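Tertiary structure, described
Spelled out from the first residue to the last, the chains are:
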Amino acid sequence: MTDSSKIKFAVVGAGHIGKRHAEMVRRDEESELVAMVDVRSQEECEATHLDVPFFTTMEEMFDSGIEIDVVNVCTPNGLHAEQSLAALEAKKHVVVEKPMGLSKDNCEKVIYKSLQESKHVFCVMQNRYSPPSEWIKSVVEDKILGDIFMVQLNCYWNRDDRYYMKGGWKGTQNLDGGTLFTQFSHFIDIMYWLFGDIDNIQGKFKDFTHANSTDFEDSGMVNFDFVNGGMGCLNYSTAVADQNLESSITIIGSKGSVKIGGQYMNEVEVCNINGYEMPELKAANPANDYGPYKGSAANHNYVIKNVIDTLKGRTTATTNALEGLKVVEIIERIYKVRNEQIDI
Ligand SMILES: NC(=O)c1ccc[n+]([C@@H]2O[C@H](COP(=O)([O-])OP(=O)(O)OC[C@H]3O[C@@H](n4cnc5c(N)ncnc54)[C@H](O)[C@@H]3O)[C@@H](O)[C@H]2O)c1
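Residues numbered from 1 in each chain as written. Predicted model: local features only at pLDDT ≥ 70, side-chain atom pairs only at ≥ 80, totals over all residues.

**Structural notes on the site of the ligand**
If you check the shell around the ligand, you find 25 residues, and the closest are Gly13, Gly15, His16, Ile17 and Glu97. Counting only elements with at least two residues in the shell around the ligand, the list comes to α1 (16-27) and β15 (293-297). A total of three residues in the shell around the ligand trace back to one element, the largest contributor, which is α1. Here the residues of the shell around the ligand are counted per class, giving ten nonpolar, eleven polar and four charged. (Near = placed C-beta within 6 Å. Helix = DSSP H or I, 4+ residues; strand = E, 2+ residues; numbered from the N terminus. Nonpolar A, V, L, I, M, F, W, Y, C, P; charged D, E, K, R; others polar.)

Encoded structure:
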């Protein structure tokens, strides 16, 4: 790949986030959108403005002979692993929306194939690009907080019948997989990115308001130890009435404490560290706006840029496949605790 050549992207899944990928690819001068795939027609997807060949299966797209460097997998969660495998099999690099898969086993197969084909798998965890995330990563890495004693992750969002449409994939066990996979994997990723793996997981889970709309719990209180020292907890719910309340992380270290809050961990609310002055941070991008409900940070432009820069040998993947797998594996272990309990 020469430094001046454009990277050719094909997007699979032309829903909310697939169209965002397509738009970000079109906006970057070093990339080009060459095809899209969706089981629905281009009209049904409201994607007629994206003037590229539109296919109903990945096979048809690959058979068409269109030149493609990267396939972006933007379909329901339960399809991510098999479609990533199909793209690798066709010798394409892969960008896979979160979560990378719905089981560690599936993610392992993808990593194995990517190594066999010498192709990259980029996982989408765009909240890592938020200014508070970049800042806290450097604070933790430089040991400015000292030893980590306690970490509390609170994810309190609203997801009601405006979100879980009858007949859709959201809320189903096989295509959605659960609240932690679909709503909160970004925040579990930030916790793993900052503090590493967890162990000794315990938890309580409840379904307060989603008995008729999802196959799984909507709320949980989970606690654990960090393998690197310190302990943590994750409190989460999608049963918050009407609108998102917060996504926050509170960190208690031997040299001070930090709280990052806001609706999607976008505001540093407290920074109280011995002898340390908080720098001024850039403004965060707004949340993805889906009308009545809000999602995570609108940072997909950085994801596409990172793919281009990595393929052109300028940098490395911001979220690699092993990190994508670890988030899935942590969620799988939390859900194992849930599944061992009767009262959900
Ligand atoms: N990174 C983020 O912040 C973020 C935000 C929203 C969604 N997502 C992720 O993006 C993915 C898609 O979410 P969405 O909100 O865009 O959902 P969506 O329902 O709007 O879009 C999914 C699209 O996939 C299509 N599809 C279904 N089966 C297919 C198949 N076999 N082949 C091709 N296309 C198929 C559907 O027709 C639909 O157009 C999910 O994995 C979700 O977790 C990530």
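Picking up after the structure, the text goes on.
**Some points on helix α9 (residues 321-339)**
Taking 1.5 Å of rise per residue, 19 residues should cover 27 Å, and α9 covers 26 Å from first to last C-alpha, within 8% of that figure. Residues Ala321, Gly324, Leu325, Lys326, Val327, Val328, Ile330, Ile331, Glu332, Ile334 and Tyr335 constitute the buried set of α9. (Expected span 1.5 Å × (residues − 1). Buried ≥ 20, exposed ≤ 12 C-beta atoms within 10 Å, placed from the backbone.)

**Observations regarding the packing of helix α7 (residues 185-195) against α9**
Any two packed helices are characterised by the angle at which their axes cross and by the distance between the axes. At a minimum axis distance of 10 Å, the contact between α7 and α9 shows a crossing angle of 110°. Considering their axes alone, α7 and α9 lie roughly perpendicular with respect to each other. Residues Ser185, Ile188, Asp189 and Tyr192 of α7 form the contact with α9, whose participating residues are Lys326, Val327, Ile330 and Ile331. In the contact of α7 with α9, the residues fall into five nonpolar, one polar and two charged. (Axes fitted to C-alpha atoms, helices over the stretch in contact; angles between N-to-C directions. Parallel < 35°, antiparallel > 145°, perpendicular 65-115°, else oblique. Contact = placed C-beta atoms within 7 Å.)

**Quick notes on the domain arrangement of the protein chain**
When its domains are assigned, the protein chain resolves into domain 1 (7-123) and domain 2 (128-271 + 289-295). One C-alpha centre belongs to domain 1, the other to domain 2, and the line joining them spans 27 Å. Each partner contributes residues to the interface: domain 1 has seven residues there, and domain 2 has ten residues. Broken down by class, the residue content of the side of domain 1 that touches domain 2 amounts to three nonpolar, three polar and one charged. (Domains from an automatic or database assignment.)

**Quick look at unusual backbone geometry**
In this model, lysine 98 is joined to proline 99 through a cis peptide bond whose omega is -10°. Summarising the element assignment, proline 99 is placed in the loop between β5 (93-96) and α4 (104-117). Its identity is not glycine, yet lysine 91 carries a phi of approximately 65°, on the positive side. One non-glycine residue with positive phi stands out, namely asparagine 200, at about 50°. Residue position: asparagine 200 is located in strand β8 (residues 198-206).

**Observations concerning the packing of helix α5 (residues 131-141) against α7**
Taken N-terminus to C-terminus, the directions of α5 and α7 make an angle of 25°; their axes are 9 Å apart at the nearest point. Judged by the inter-axis angle, α5 sits roughly parallel to α7. The interaxial crossing formed by α5 with α7 has right-handed handedness. Contacts from Ser133, Ile136, Lys137 and Val140 of α5 reach α7 at Ile190, Trp193 and Leu194. Residue composition of the contact of α5 with α7, by class: five nonpolar, one polar and one charged. (Left-handed = near helix turned anticlockwise from the far one by under 90°.)

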